[in-house]
Structures are given as structure tokens and as C-alpha cells.
Amino acid sequence: MAEYDYDVLVIGSGPGGYVAAIRAAQLGLRTACVESRETLGGTCLNVGCIPSKAMLHASEYFDAAANGAMAKMGIKVTPELDLPTMHAQRQDAVKQLTGGIEYLFKKNKVTWLKGRGAFVDAHTVQVGEQAVTAKDIVIATGSSVTALPGVTIDQKVIVDSTGALELARVPEHLVVIGGGVIGLELGSVWRRLGAKVTVVEYLDQILPGFDGDVRKESNKIFKKQGLEFKLSTKVTAVAVNGDKATLTVEPAAGGAPETIEADVVLVSIGRRPNTDGLALEKAGLATNQRGQIEIDHSFKTSVAGIWAIGDVVPGPMLAHKAEDEGIAVADNIAGRTGIVNHDVIPSVVYTWPEIAGVGLTEEAARETGSEIKVGKFPMLGNSRAKTNHEPDGFVKIIADAKSDRVLGVWCIASVGGTMIAQAAQAMEFGATSEDIAYTCHAHPTHSEAIKEAAMAVQGKPIHI
Ligand SMILES: Cc1cc2nc3c(=O)[nH]c(=O)nc-3n(C[C@H](O)[C@H](O)[C@H](O)COP(=O)(O)OP(=O)(O)OC[C@H]3O[C@@H](n4cnc5c(N)ncnc54)[C@H](O)[C@@H]3O)c2cc1C
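Not measured: the values here are computed from a predicted model.

Visitor: Explain the nonpolar core to me, using residue names and the numbers behind them.
Guide: Counting 38 residues, the largest nonpolar core has Leu184, Trp190 and Ile355 as its most contacted members. Among residues more than four places away in sequence, those in contact with Leu184 are Gly179, Val199, Ile206, Leu207, Phe222, Leu227, Phe229 and Thr351.

Next up, the structure:
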């Protein structure tokens, strides 16, 4: 009889956990995955990436019809919003994709243990009535919404990202607390569907962590679209009266407070790692000051046989980062070499236009002390973007001045999320800006702007 019930037990079935479980099973390991939700797929498939993109995609169509973009191309329509159908197609996307993971578990012989997992010791996890043992355990419990002290989420007047995906009617005034990726994406959805949207951000600029030029330019574009911003502003109180809320805000640096009336408030100030109830101490583990589980480069925690990946460990909270870590951790458990290059993890904001980046920002590249060269190319100079009436945005490439090696690529473009993949691949291969400039790009495509930005690093773009 085997010493353990399973070779590998994964706790959490988000993009980190389900990918780790499938890869472990593919490598011949007896694998189970513990998940407490009704469906597999974690935050990403149930209440994150997928449903938000379903609402962004649908609202983009509505906006194009309502704001005259379609009329400009000779298509005259007066759109009528059918919000229940829009929500139904969101729910359908989630159902199909979460069901797809269940199918993949069956196909790969991964056992789904339904329930909450809590450590009993370093090789045993309690799931409901069952104590399950495994040689290796992967913690992939993800993250949850960070609460704003003193503000209670009721999912009606004060909502988090999950509530903001499901609003039953278009709010008259939506106030978004936090100008990060999730706040801007969901704020854009409801602005497109007719809400007045105000974004309150503590910092002096939106999109922390993004390149400075990108942050400034995207702020201008969002303003043009009708989003209102209160930057360098902190929310000090939110009071709910019936179906309305009153926010008290004041300058971050101090000053006279003012109030804002809203009928929905979205709290999107960040996410925190999920470790509550895991009984980490019973396995000999603890979290760091940020509540994360520390790991080494191979995803090992400080306890032999326990590994951790995804949002619960340090690094950007992104689904594709979690997925790549899922593959790598399974490879490492199976005795292979699993590596994730954390210097090349793309970030995308799925607004209109999309905002994307990979590698160092210009600010971070300058901070390294090395000399850098920067090439920029506006989407206005790109024939496809111009033809499609998508003039906003640019591509920016940051390269080392001596070696010409590409250090970072940033773009604002309608299909920026797709364009950034080639930049990530180039950087994985250690490309120079010259390599990109001399790579033949199909015409007419938005991606030609990446080639032109690379040529701009050498000071010689053609179309500007
Ligand atoms: C609105 C929104 C939009 C987003 N959009 C994007 C996007 O477009 N692109 C992107 O890359 N990222 C996006 N993200 C972030 C992305 O969802 C996360 O980075 C990703 O889901 C993290 O994956 P994970 O596997 O680490 O954890 P999660 O997806 O959070 O999954 C963890 C799972 O573990 C389960 N769990 C936790 N504790 C236990 C326990 N003790 N026992 C059993 N089960 C447990 C949870 O129920 C959950 O299902 C978005 C997030 C939100 C909220």
C-alpha cells in the first residue's frame, strides 16, 4: 500500500492550482485538488478575469453603437441595453469555462476533493470529515478583496469586484475607490453602459506599477471617454442611507474634506493572500508581513514537501503568472526543472484601448543606473489603427544603451494585450531592439507599431 493517499495534493483550483494539478497528473503523479467553491477555476474563471472580460467585451459593442463609433463607419444603430441578457452571456462564459476545468480534471484523472482544506501536519490536510495525506502539497489558495477599514461591503450599495460584475441596473453615479486595473476595467464597463463614473485614487496618478508615460496618457484617454478622476484624494468615510451612499473625501496631503453622493460604490483597493483557516502553523509555516507565503525560486516553502504558487506568494497577482508557476511547481515536484522568469510577466488592462507592458518601466530602468535608450511610436502613425479609427496610444521600447537589449515594452493600443506577447517572447530570447526592428511584421497590423518603436530606439522610424 502507498505511504500517502496521493503523491500531490493541491489546495485551490484557480489558474495556479488547476494547472499544477493537471501537469502533475500528466507527469504520472497521483494527484488531488481541494476546492471549496461550487465550481473549479478560482477567482479568475468565477469572479475575475473571465466574467470581467465578458462584460468588457459586451459593453464595448454597446459603447461603439452608442458613442457614434459605428455611425462613423456607416452603420447607424440606436442601441437598447438588455442588461439581463448581457449578464446571462457572462454567466454562460463562466459556466462553460469552469465546466471545462472539471472535464480536464476527469480527462487527466485529477481527483476533486470538495471542501475547505486545513493543515493537520506537513503531509496531512483535513477536507471536511476526511484527513488526506500527500507526499507533496501545493498551496494555491489565491487572494480575496482587500477591505477598506470601516466600510462594509453589502454587494448592493457598496460592492467589491464580484458585486460590480453583477449589478442589476446601471447606476446613475458609480464611485470607484482605487485607480488600479480592476477599478478601471469595471468602471469602464458601467461608464459605457451609461453611468457617471468617478474614480477616487490616493496616489497622484492611476495604474500604480505601470510606466509613467503610460499612466499619464491613459489618464487623458479615460478622461476623454468621460471617466472623472479625483487623484491624490483619500476616502475617509462612506455612509449608506437607504439605496445611496455619501463618501467623505479629502486631499491625500491633508485639507478640507468634501462629500460625494453615489448610488453604487466599488471598493477596489487591492487584494490580499488567502491563508485564513489554512492552519499553516500546524504544518510549521507562517506568513510574511504582507500575509504572503514565502518561497524560494523553485516554489518550495520553508517546510520540506510544501510548495506555494500564485496570488498567495509574492509577485504580481495575475492569472498567467499563477499558471506558469503551476506548471513549474509540478515539474519541480516530479524531479524536472521548472522555471518561471519573473522579469518577463506581461500586465494588461483590458480597457479601450488596451494598456499593456512587460519588463521594466522607464523609471525602473533609469533607477538601475545603466544608460538606456527609449523609442516611442504613436498609434496615429500606424496604418491599421488609423484605418480602424483607433488613433489613441503609442508603443514605447526601453533598451540598454550599450547592449541594445530590450528591457521593457509598453503600449496603449486597441489590441495592446495581444501585441505585448511578441514583446514578451522577444525579451525571453534576449532580443535587442535591432532584432525587433529587423523582424518582418505583417502589414497592415497594429504590431507594426512595435517594429517602428524598435526602429525609433535607433532614431530611425519610417512612418512618423
Ligand atoms: C475582477 C477581477 C479581474 C481580474 N482580471 C484579470 C485578468 O484579466 N488577467 C489576469 O491575469 N488576472 C486577473 N485577475 C487576477 C486573477 O484572477 C488572479 O491573479 C488569479 O486568479 C490567481 O490565481 P490563483 O490560482 O493564485 O488563485 P485563485 O484564482 O484566487 O484561486 C484560489 C482558489 O482556492 C480556493 N481556496 C482558497 N482557500 C482554500 C481552502 N482552504 N480550501 C479549499 N479551497 C480554497 C478558492 O476558493 C479559489 O477558488 C482578476 C481578478 C479580479 C478579481
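Here the narrative resumes, following the displayed structure.
Visitor: How would you summarise the sheet that holds strand S20 (residues 372-378) if you had to cite specific residues and measurements?
Guide: Pairing is antiparallel across the open sheet formed by five strands, whose spatial order is S18-S19-S22-S21-S20. Edge strands, defined here as strands with exactly one partner in the open sheet, are strand S18 (347-349) and S20. Looking at each pair of strands side by side, their axes are set apart by 10° on average, direction ignored. Against the sheet, helix H12 (residues 416-428) engages S18, strand S19 (354-359), strand S21 (394-400) and strand S22 (406-413), with an angle of about 10° to S19.

Visitor: Account for the layout of surface pockets, with residues named and values stated.
Guide: The gaps left among the atoms become clear once a water-sized probe is rolled over them. Estimates place the volume of the second largest pocket at around 1,000 Å³. Lining the second largest pocket are 32 residues; nearest its centre among them are Glu60, Ala64, Ala69, Trp352 and Glu390. When residues of the lining of the second largest pocket are traced back to their parent elements, those giving at least two are helix H3 (49-66), helix H4 (69-72), helix H7 (181-192) and helix H8 (212-225). Among the elements that line the lining of the second largest pocket, the one with the most residues is H3, at seven residues. The class makeup of the residues in the lining of the second largest pocket is 13 nonpolar, nine polar and ten charged.

Visitor: I'd like a description of the pairing of strand S1 (residues 6-11), backed by residues and values.
Guide: In terms of burial, S1 is a largely internal element, five of the six residues being buried. Note that S1 and strand S6 (residues 130-139) share five bridges and pair parallel. When the bridges of S6 are listed, Tyr6 appears paired with Ala134. Here S1 runs beside strand S2 (residues 31-35); their pairing, made up of four bridges, is parallel.

Visitor: So, the sheet that holds strand S11 (residues 228-230): which residues are in play, and what are the values?
Guide: With parallel pairing, five strands are arranged side by side in an open sheet as S8-S15-S9-S10-S11. Either end of the sheet is taken by a strand with one partner, and the two such strands are strand S8 (158-159) and S11. Where strand S9 (residues 173-177) meets strand S15 (residues 264-267), four bridges bridge the pair, whose relative direction is parallel. Note that in S15 the partner of Ile177 across the bridge is Val267.

Visitor: Outline the site of the ligand, listing residues and values.
Guide: Residues in close proximity to the ligand total 38 residues, the closest being Glu35, Thr43, Lys53, Gly117 and Ala319. Between the ligand and Ser36, the relevant distance is 3.3 Å, taken from a nitrogen atom to a main-chain nitrogen or oxygen of the residue. In isolation the ligand has 1,000 Å² of accessible area, and contact with the protein removes 95% of it. Within the residue set of the shell around the ligand, elements represented by two or more residues are helix H1 (15-26), S2, helix H2 (42-47), H3 and helix H9 (319-333). Looking at the shell around the ligand, the element that brings in the most residues is H2, giving four residues.

Visitor: Outline the environment of Thr387, supporting the account with residue identities and numerical values.
Guide: Mapping Thr387 onto the fold places it in helix H11 (residues 383-387). Since its relative accessible area comes to 56%, Thr387 is described here as exposed. Along the chain, Thr387 and Glu217 lie 170 residues apart, while their C-alpha atoms are 21 Å from each other.

Visitor: Help me get a handle on unusual backbone geometry, residues and values and all.
Guide: Peptide bonds are trans in most cases, and residues, glycine excluded, mostly fall at negative phi. Cis geometry marks the peptide bond from Trp352 to Pro353, where omega comes out at -10°. With an omega of -5°, the peptide bond running from His443 to Pro444 counts as cis. A positive phi angle is found at Gln155, which is not glycine, with a value near 60°.

Visitor: Explain the packing of aromatic side chains residue by residue, including any values.
Guide: Enumeration according to the criterion identifies two aromatic pairs in this entry. Where Phe210 meets Trp410, the ring centres are 5.7 Å apart and the plane angle is 65°; that geometry is what we call edge-to-face. Taken together, the positions of Phe210 in the loop between strand S10 (196-200) and H8 and Trp410 in strand S22 put the pair 200 residues apart, joining distant regions of the chain. Like Trp410, Phe210 is buried. Centre to centre, the rings of Phe222 and Phe229 are 6.5 Å apart; their planes meet at 40°, and the pair counts as tilted. Under the relative-accessibility criterion, Phe222 is labelled buried at 1%. Judged by its relative accessible area of 16%, Phe229 is buried. Above the plane of the ring of Trp112 lies Lys114, whose end atom (NZ or CZ) is 4.4 Å from the centre. Here the basic side chain of Lys376 rests over the ring of Phe394, its NZ or CZ set 4.3 Å away from the ring centre.

Each value, and the rule that gives it
Residues numbered from 1 in each chain as written. Predicted model: local features only at pLDDT ≥ 70, side-chain atom pairs only at ≥ 80, totals over all residues. Heavy atoms only, no water. Core = buried A, V, L, I, M, F, W, Y, C linked by side-chain atoms within 4.5 Å. Buried < 20%, exposed > 50% of the residue type's maximum accessible area, 1.4 Å probe, protein only. Contact = heavy atoms within 4.5 Å. Pairing = 2+ DSSP bridges. Helix = DSSP H or I, 4+ residues; strand = E, 2+ residues; numbered from the N terminus. Axes fitted to C-alpha atoms, helices over the stretch in contact; angles between N-to-C directions. 1 Å grid on protein atoms, 1.4 Å probe; cavity = no way out; pocket = protein on both sides within 12 Å on 5 of 7 lines; lining within 4 Å. Points joined across faces, edges and corners; volume = space filled by probe spheres on them. Nonpolar A, V, L, I, M, F, W, Y, C, P; charged D, E, K, R; others polar. Near = heavy atom within 4 Å. Polar contact = N/O pair within 3.5 Å; in protein donor to acceptor, adjacent residues only side chain to side chain. Areas by Shrake-Rupley, 256 points an atom, 1.4 Å probe, with all protein chains shown as cover. Phe/Tyr/Trp six-rings, centres within 6.5 Å; stacked < 30°, edge-to-face > 60°. Lys NZ or Arg CZ within 6 Å of the ring centre and 35° of its normal.

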